[in-house]
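# A closer look at the structure
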Amino acid sequence: MIIDCHGHYTTAPKELQKYRDAQIAALKDAKHAPSKGALAIRDDQIRESLENAQLRIQRERGTDLTIFSPRAGGMGHHVGNATTSRYWSEICNDLIHRVCTLYPDNFIGVCQLPQSPGVRPDNCIAELERCVNELGFIGCNLNPDPSGGYWTDPPLTDKWWYPFYEKLVELDVPAMVHVSASCNPNFHHTGAHYINADTTAFMQFITSDLFKDFPTLKFVIPHGGGAVPYHWGRYRGLAQDMGRPPLKELLLNNVFFDTCVYHLPGIELLLKVIPADNILFASEVVGAVRGIDPETGCYYDDTKRYIDAIDWLSAEDREKIFHGNARKVYRRFAARGAKR
Ligand SMILES: [Zn+2]
């Protein structure tokens, strides 16, 4: 079985964006308190949106199940206020739940959180609980920068986040560190803001005792861990200079990397540097990079091809990367599988 731990509903029916556009337009009218409203999307529209996209790609590439969440760029936590974010997150998560109900063998849900800049992450606990306990979701996407590129909230290691982490631990679900759109024109969202955030989160983890406080808390850093594997020597050296424990001891029980790296040399580097126990297969389709690489004739985001091409990877490590580690990190998936 091959589990892709990182997919977004980037192909949702246009009604979803219309809802969001109306929500944003209503923010301009200060006289009206925002109302949640509703989304009218039929099941056949959902099927149509997936059949020729994520489902076709699963079939063509030979992957089985995608851990599926709302479009990350669309989370837009910087828009409006906490209520705006709550309604929008509920709408997006409910839609993911419908996808997972229609295709229970192909998708399992991960939620968007109703974060808002300057608002304590405690306000996300209710939606996390709803998604995990009522909708059967197995994780969440946690935005380390709800401001969208200005980093106005405390680092992930600050006590600011602790009540939310307590809930993650209690529910036994991991968080993928995942920013959303960038409103800072210096940072292209998928090309710079995403990779910056992945790298930034990892460096924050090195400087703190977060995992002493939460020994079972788990994070997945997407996009191959940003610049981290490439600069592993720098991070090991910085930890050493700061008198921190070796990285393996400091955070490799808690921090995992996905394989959303869109060329073979990058995947080779990831697999050489990061222990196989800490790597989860992912491709982030349909997502950040949609084209075909003229050098290979294959889609950039067909990450399974790169892993398949690495002949020095042992069968045991391959199994871990393709599904074993996902079961270990997304522990509710394993529990659900056992129930089936
Ligand atoms: Zn993503």
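Residues numbered from 1 in each chain as written. Predicted model: local features only at pLDDT ≥ 70, side-chain atom pairs only at ≥ 80, totals over all residues. Heavy atoms only, no water.

### Quick look at the coordination of the zinc ion
Heads up, the rule is: For Na, K and Ca the donor cut-off is 3.2 Å; for every other metal, N, O and S atoms count as donors within 2.8 Å. Water does not enter the count, which can leave sites looking incomplete. In this scheme the shape depends on donor count and angles: four donors with every angle between 85 and 135 degrees give tetrahedral, four or six donors with opposite pairs above 155 degrees and others between 65 and 115 give square planar or octahedral in turn, and any other case is irregular. Counting from the N terminus, the helices are the DSSP runs of H or I reaching at least four residues and the strands are the DSSP runs of E reaching at least two. A 1.4 Å probe rolled over the protein chains alone gives each residue an accessible area, and that area as a share of the maximum for its type sets the label: buried under 20%, exposed over 50%, partly exposed in between.
The protein atoms that coordinate the zinc ion are H6 (NE2), H8 (NE2), H178 (NE2) and E284 (OE), at distances spanning 2.0 Å. For the zinc ion, the four donor atoms in the first shell make angles of 99 to 120° at the metal, a pattern classed as tetrahedral. Each donor residue of the zinc ion lies on the same chain, and together they follow the pattern H-x1-H-x169-H-x105-E. Placement of the pair is H6 in strand β1 (residues 3–9) and E284 in the loop between β9 (279–280) and β10 (292–293), with a sequence separation of 278 residues. Among the residues examined, E284 registers a relative accessible area of 4% and is labelled buried.

### A word on the environment of R20
Test applied: In what follows, a contact means two residues having at least one pair of non-hydrogen atoms within 4.5 Å.
Relative to the helices and strands, R20 resides in helix α1 (residues 14–27). Between the C-alpha atom of R20 and that of C92, which follows or precedes it by 72 residues, the distance is 10.0 Å. If sequence neighbours within four positions are ignored, R20 has contacts with G74, M75, G76, V79, T84 and W88.

### Re the pattern of salt bridges
Two side chains with opposite charge may pair up if their charged atoms get near one another. Applicable threshold: Put simply, a salt bridge is a Lys or Arg side-chain nitrogen that is within 4 Å of an Asp or Glu carboxyl oxygen.
Evaluated as defined, the whole model comprises 20 salt bridges. We note a salt bridge from D301 to R61, for which the minimum N-O separation is 2.9 Å. Of this pair, D301 sits in the loop between β11 (298–299) and α12 (303–309) while R61 sits in helix α3 (residues 54–61), placing them 240 residues apart in sequence. Per residue, the accessibility class of D301 equals that of R61, and both read buried. Here E170 ties to K167 by a salt bridge, and the two come within 3.0 Å at their closest N and O atoms. With E170 and K167 both in helix α6 (residues 162–171), this residue pair falls three residues apart, about one helical turn. Taken together, the shared-partner salt bridges in this structure form one network comprising K36, R86 and E90.

### Description of the pairing of strand β2 (residues 65–70)
What counts is decided by this rule: At least two DSSP bridges between two strands are required for those strands to pair. If the strands point away from the viewer and the path from the first strand over the helix to the second runs clockwise, then the crossover is right-handed.
In terms of residue burial, β2 counts as a mostly covered element, since six of its six residues are buried. The pairing of β1 with β2 spans five bridges and is parallel. Note on β2: the bridge partner recorded for Y9 is P70. Examined bridge by bridge, β2 and strand β3 (residues 107–109) share three bridges and lie parallel to one another. Bridge pairing in β3 places I67 opposite I108. In this view, the connection linking β2 to its parallel neighbour β3 by way of helix α4 (residues 82–102) has right-handed handedness.

The values reported here are purely geometric and, on their own, carry no functional implication.
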